[in-house]
Amino acid sequence: MHMQNNVLILDFGSQYTQLIARRVRELNIYCEIHPFNKSIKNIDNYKAVILSGSPFSVRAEDAPHPDLSKIKTKKPLLGVCYGAQYLSHHYGGKVEPSNIREYGRANLSEISENELLFEGIENGSQVWMSHSDTITKLPENGVRLASTKDVTNAAYRIQGEDTYAIQFHPEVYHTTYGKNMLENFLVKIAKIEQTWTPAAFVDTTVAELKEKLGNDKVILGLSGGVDSTVAAVLLHKAIGKNLYCIFVNNGLLRKNEFQNVLDQYEDMGLNVKGVDSSNRFLDALKGIVDPELKRKAIGRVFIEVFDDEAHLVEDVHWLAQGTIYPDVIESVSATGGPSATIKSHHNVGGLPDFMKLKVVEPLRMIFKDEVRRVGAQMGIATDLLGRHPFPGPGLGIRILGAITAEKVKVLQEVDAIFIDGLKKWNLYNQVWQAGAMLLPVNSVGVMGDERTYEKVVALRAVESTDGMTADWVNLPYKFLQETSNLIINRVKGVNRVVYDISSKPPATIEWE
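Owing to the predicted nature of the structure, the values given are computational and were not obtained by experimental measurement.

A.B. asks: Honestly, the nonpolar core in this entry has me stumped. Any pointers?
C.D. replies: As a rule of thumb, nonpolar side chains are buried together in soluble globular proteins. Ile50, Leu108, Phe118, Phe185, Leu186, Val230 and Leu234 are the most contacted members of the largest nonpolar core, which has 83 residues in total. Sort the elements by how many residues they give to this core and helix H5 (residues 226-239) lands first, with 9 residues. Sequence-distant contacts of Leu234, that is, excluding residues within four places in its chain, are made with Phe201, Val202, Thr205, Val206, Leu209, Pro362, Leu363 and Met378. By size, the runner-up hydrophobic cluster in this structure holds 49 residues, among which are Ile288, Ile298, Leu395 and Val497.

A.B. asks: Any chance you could explain the state of the cysteines here in plain terms?
C.D. replies: A covalent bond between the sulfur atoms of two cysteines is referred to as a disulfide. Applying the stated criterion across every chain, the model contains 0 disulfides. Of the cysteine sulfurs around Cys31, a residue in no disulfide, the closest is that of Cys81, at 19 Å. Assessed through its relative accessible area of 0%, Cys31 is described here as buried.

A.B. asks: Would you mind showing me how to read the packing of helix H4 (residues 198-213) against H5 here?
C.D. replies: If you want to describe how two helices pack, look at the angle between their axes and the distance between the axes. Contact geometry of H4 with H5 gives a least axis separation of 8 Å together with a crossing angle of 60°. Judged on the interaxial angle alone, H5 and H4 are oblique. For the pair H4 and H5, the sense of crossing is right-handed. Across the interface between the two elements, Phe201, Val202, Thr205, Val206, Leu209, Lys210 and Leu213 of H4 pack against Leu234, Leu235, Lys237, Ala238 and Ile239 of H5.

A.B. asks: Would you mind going over the packing of aromatic side chains with me for this structure?
C.D. replies: The geometry of an aromatic ring pair is captured by the separation of the ring centres together with the interplanar angle, meaning the angle of the planes. Overall, the coordinates contain 13 aromatic pairs when judged by the stated rule. Here Tyr30 and Trp196 contribute two aromatic rings whose centre-to-centre distance is 5.1 Å and whose plane-to-plane angle is 50°, an arrangement assigned as tilted. Pair noted here: Tyr30 is in the loop between helix H1 (17-26) and strand S2 (31-35) and Trp196 is in the loop between helix H3 (178-189) and H4, with a separation of 166 residues, a long-range link. Ring plane angle 35° and centroid distance 6.3 Å describe the contact between Phe418 and Phe479, whose orientation is recorded as tilted. Of this pair, Phe418 sits in helix H12 (residues 405-424) while Phe479 sits in helix H13 (residues 477-490), and the two are 61 residues apart along the sequence. Assigned by exposure class, Phe418 and Phe479 land together as buried. Through successive ring pairs, a cluster of aromatic residues spans Phe12, Phe36, Tyr82 and Tyr86. Sitting over the face of the ring of Phe367, Arg22 holds its NZ or CZ atom 5.5 Å from the ring centroid. Between the NZ or CZ atom of Lys423 and the centre of the ring of Tyr428, over which it lies, the distance is 4.9 Å.

A.B. asks: Mind showing me how you'd approach the packing of H4 against helix H10 (residues 368-377) here?
C.D. replies: Where H4 meets H10, the closest approach of the two axes is 9 Å, and the angle between their N-to-C directions is 80°. As the angle between them shows, H4 and H10 are arranged roughly perpendicular. When H4 is examined against H10, the residues Pro198, Ala199, Phe201 and Val202 are found in contact with a partner set consisting of Arg373, Val374 and Gln377. Taken together, the residues that form the contact of H4 with H10 break down as 5 nonpolar, 1 polar and 1 charged.

Parameters and conventions
- Residues numbered from 1 in each chain as written.
- Predicted model: local features only at pLDDT ≥ 70, side-chain atom pairs only at ≥ 80, totals over all residues.
- Heavy atoms only, no water.
- Core = buried A, V, L, I, M, F, W, Y, C linked by side-chain atoms within 4.5 Å.
- Buried < 20%, exposed > 50% of the residue type's maximum accessible area, 1.4 Å probe, protein only.
- Helix = DSSP H or I, 4+ residues; strand = E, 2+ residues; numbered from the N terminus.
- Contact = heavy atoms within 4.5 Å.
- Disulfide = S-S within 2.5 Å.
- Axes fitted to C-alpha atoms, helices over the stretch in contact; angles between N-to-C directions.
- Parallel < 35°, antiparallel > 145°, perpendicular 65-115°, else oblique.
- Left-handed = near helix turned anticlockwise from the far one by under 90°.
- Phe/Tyr/Trp six-rings, centres within 6.5 Å; stacked < 30°, edge-to-face > 60°.
- Lys NZ or Arg CZ within 6 Å of the ring centre and 35° of its normal.
- Nonpolar A, V, L, I, M, F, W, Y, C, P; charged D, E, K, R; others polar.

Right, here's the structure in full:
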């Protein structure tokens, strides 16, 4: 990946570390996040280093303590928040608890003239603070660059080296010129070229895949979603027909989705086999009400079906997955997150054969929004790239209670009316994820002159950037009214429609 243009972000466990990486990449500069406590191989590959924030205080006994011997004075270095305090605390300055915990908006003042870091940034511009300690004395050879009302040393540099430190968070949206500061540091001070674009990613990834896979066969489970599709197209560019894609219908997909997605993939020239295993899944789910057990049953049958299919392709060496960067970061976080990937199960007895394959993950270093840009670069249709996330267990976790073929059919009809309506009203792209839930309760209604006793469905639409938190979407009443009428008139068995107005947290996006 353009090795000479890499940026290393050392992670001290801040909730904002991923945001720093997103901002750097928006500048068309490639960067990677590594936990501060894992030794970094090939430090020479990095042209600059950024130290992240942290929930810790530098004065705490168990505070993160990175080894900067190969970095400080040798490479351009930017300390952010905890990073800035660390550079002061360990290099001759002083950090003390501040009388007031500074959290939220503040304004820069006394910005030094002719400083590259603050080029084009005005006094008074807003920054975002989040800390309870303050730097009372700068490190040896420290030069103050800016203050705020409550913080004397809001930014400084160390004389004689390219070491800079800022007490605020440039990566968050509330810091008005945050991206400009990062650009000043990376482009003007570290002199990094801005060459990391979707086109460059496609070129280098395809070349790397060709070299890694040679003439080997690769098997990939497609889901119809963005990640697996973009991974498939990248692999297809590299190895063509040696990529065997399998798209399994678990009987819990949206209405007509199995056929529509298969057609779309075939138009793209992918080597795809559609496997309709609806009955196998529905049989395995008979009578199961507990959501966890449903997920397990669906997962188990998927593995069986996928394994059967993998056996039909001879001499497969690789399993491709659409893993993306946030999954990877979670599994190696500074706080030691769980790294439960298929890789850790290698060569364990009794596992399906496909799990013994080597794993290839072409998207493992990029974020979701980058996956979409890479897909667009390769000409994948926008409606496919803009698709809402859809859970692996599909409608299985949107039918509360036991699953039957009849209930799936009812929910597919309801879901189709809701999703088509969102598209027709130009609301689809304003929503992160939408769907309908079939509730295990009947309610009384009146249709014609008769009383009915039928099902209730709940509609759900949320906005989010990453699915970690989500707010319900304020859909127009007129739209909800029209959708409700259509559902009740057209879907036999449903006589009541409700709209879910809970946010995550405390609720989750799905109901199960």
